[in-house]
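# Structural overview for review
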Amino acid sequence: MEPRRILLAISGGIAAYKAPELVRTLRRAGHEVRCMLTPEAERFVSGLSLQAVSGESVRRDLFDAGEEGEIDHIGLADWAELVVVAPATANLLAKMAHGLADDLVTAVLLATRAPILVAPAMNVNMWSHPATQANLEILRARGISRIGPDAGELACGWEGLGRMSDPAVIAEAAANQLVPSSLAGPRVLVTAGGTAEPIDAVRSVTNRSSGKMGFAIAAEAAHRGAQVTLVAGITGLPTPHGVDRIDVSTALQMRDAVLASFDDSTIVVKAAAVADFRPVNTSDRKIKKEQMAEGESMTLELVQNPDILQEISAKKGERTVVGFAAESHEVVAAAQRKLARKGCDLIVANDISRTDAGFEVDENAVLFVWPNGEVEELPLLPKAGVAAQLFDRIEKLREGR
Ligand SMILES: Cc1cc2nc3c(=O)[nH]c(=O)nc-3n(C[C@H](O)[C@H](O)[C@H](O)COP(=O)(O)O)c2cc1C
């Protein structure tokens, strides 16, 4: 593997004594390693040992003019190609989950665009506490990777989950994070989620898209080193790490946001479920039922929204444009018609009549429908897996040009 720049963040747990061994293992694999410590970490491991094994000065203080002069905290955040947090205390995980930046480590973790791998270590009761588990869930949803903890005898005398993984195992997990930056350079534009077309001040016409597929695509593109803009419709999902997000709610707003980012984009993946129609008239007040007699019917007049995929496909030039099709029957034929009509490079089709895949769930079973008539059927995969398969195809397509 080519040498990479790894920043090791060490927080104040007993397992910090294993940090020098982790530095040595990463350096033996050829990587450049810099260390930063939380104020509590140095109670458990000496900065001098870390300096000796890393061959670099160790950073601890956000406000030390000397240290900050050497390389400022934003410089450190930008330098890293991967940040490994080992050990990650319960306290540090909580701060990360909630975006605190009150010391050097937390400020760098908030500023970096690099992928982050955490190796938690703590007492078993701290680990199983609902607060810690909720924080881990926030970090997981944000695309932060985790290795461990392992079960066993803990330094505090308890038995159970909480031991930091061995340095060799953490180094291996770090290597897996350091996939070649195959998309470093291209700007990737992704759309995700449904739109909501207002009827009145409280009601709208919307759909069941959760945004999970598009968010997984944005996370995968960022993971491969791309600069990613995610135009997100109606969704409660957290922004994947390293992704620039623009929130919109209607199809017209989504069109504006897509067109504003289109010129700078090399790859566009339109995974959003954009409403095909919007109400012709919208009331800025709530329509009161008292305005009508009981049983009286009401007609909602709809007008077609602009077709964003067709519009951008028509002027895509050298860009790669991928569209999604959610179909309830005759999936392949419908996707092929959509591909021909829109003129994009690939349609990812899913069968929304399946209950185990598609809307709202974490897995998807898709078909890649190509302009030459080829149809690839993928097995049921986690949405992150579908995203990885998609970018493998996009990269191959671009290499072949
Ligand atoms: C002897 C001792 C061992 C500790 N070990 C751990 C540990 O393994 N994991 C953990 O989450 N906290 C541990 N703590 C508590 C943390 O040190 C404490 O929460 C501290 O505020 C963490 O600061 P930091 O996250 O900024 O490094 C320990 C405390 C002491 C006194």
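First, a word on what this report is: a plain description of the structure on this page. (Residues numbered from 1 in each chain as written. Predicted model: local features only at pLDDT ≥ 70, side-chain atom pairs only at ≥ 80, totals over all residues.)

### With respect to the overall build of the protein chain
When you go through the protein chain residue by residue, the secondary structure sums to 14 helices and 21 strands. In terms of overall dimensions, the protein chain has C-alpha extents of about 75 × 55 × 40 Å along its principal axes. Evaluated residue by residue, the protein chain yields a buried proportion of 45% over its 401 residues. Sequence-distant contacts in the protein chain: of pairs separated by 6 or more residues, those separated by 24 or more amount to 69%. (Helix = DSSP H or I, 4+ residues; strand = E, 2+ residues; numbered from the N terminus. Buried ≥ 20, exposed ≤ 12 C-beta atoms within 10 Å, placed from the backbone. Contact = placed C-beta atoms within 7 Å.)

### Section: the environment of Ile-246
With respect to the element layout, Ile-246 can be found in strand β12 (residues 243–247). Along the chain, Ile-246 and Ile-6 lie 240 residues apart, while their C-alpha atoms are 30 Å from each other. Not counting the four nearest positions on each side in its chain, Ile-246 is found in contact with Thr-229, Val-231 and Ala-257.

### Some remarks on the site of the ligand
Around the ligand, a shell composed of 15 residues is seen, among which Ser-11, Gly-12, Gly-13, Thr-38 and Thr-89 lie nearest. Per element, the largest residue contribution to the shell around the ligand is 3 residues, and it comes from helix α5 (residues 90–98). Within the shell around the ligand, the residues separate by chemical class into 8 nonpolar, 6 polar and 1 charged. (Near = placed C-beta within 6 Å. Nonpolar A, V, L, I, M, F, W, Y, C, P; charged D, E, K, R; others polar.)

### Focus on the nonpolar core
Among soluble globular proteins, nonpolar side chains are generally buried collectively. One finds Val-190, Ile-217, Ala-218, Ala-221, Val-228, Met-254 and Ile-347 to be the most contacted residues of the largest nonpolar core, which totals 56 residues. Dropping the residues within four chain positions of it, Ile-347 is found in contact with Gly-323, Ala-325, Ala-335, Lys-338, Leu-339 and Val-369. The next biggest cluster of nonpolar side chains, apart from the first, holds 54 residues, and it includes Phe-44, Leu-76, Leu-104 and Val-118. (Core = buried A, V, L, I, M, F, W, Y, C linked by C-beta atoms within 7 Å.)

### Here's the deal with the packing of α5 against helix α8 (residues 130–141)
Direction vectors running N to C along α5 and α8 enclose 45°, while the axes themselves pass 9 Å from each other. The orientation of α5 with respect to α8, classified from their angle, is oblique. Here the hand of the crossing between α5 and α8 comes out left-handed. Contacts between α5 and α8 involve Ala-90, Leu-93, Ala-94, Met-96 and Ala-97 from the former and Ala-131, Thr-132, Asn-135, Leu-136, Ile-138 and Leu-139 from the latter. (Axes fitted to C-alpha atoms, helices over the stretch in contact; angles between N-to-C directions. Parallel < 35°, antiparallel > 145°, perpendicular 65-115°, else oblique. Left-handed = near helix turned anticlockwise from the far one by under 90°.)

### A short note on helix α11 (residues 251–262)
End to end, α11 covers 16 Å across 12 residues, agreeing with the expected 16 Å (1.5 Å per residue, within 8%). Buried within α11 we find Ala-251, Met-254, Arg-255, Ala-257, Val-258 and Ser-261. Tucked inside the fold, the buried residues of α11 contact β8 (187–192), β9 (197–198), β11 (227–232), β12, β14 (277–279) and α12 (308–314). (Expected span 1.5 Å × (residues − 1).)

### Overview of the sheet that holds strand β2 (residues 32–37)
Across the sheet, 5 strands lie side by side as β2-β1-β3-β4-β5; this open sheet has parallel pairing. The strands lining the two open edges of the sheet, one partner per strand, are β2 and β5 (145–146). (Pairing = 2+ DSSP bridges.)

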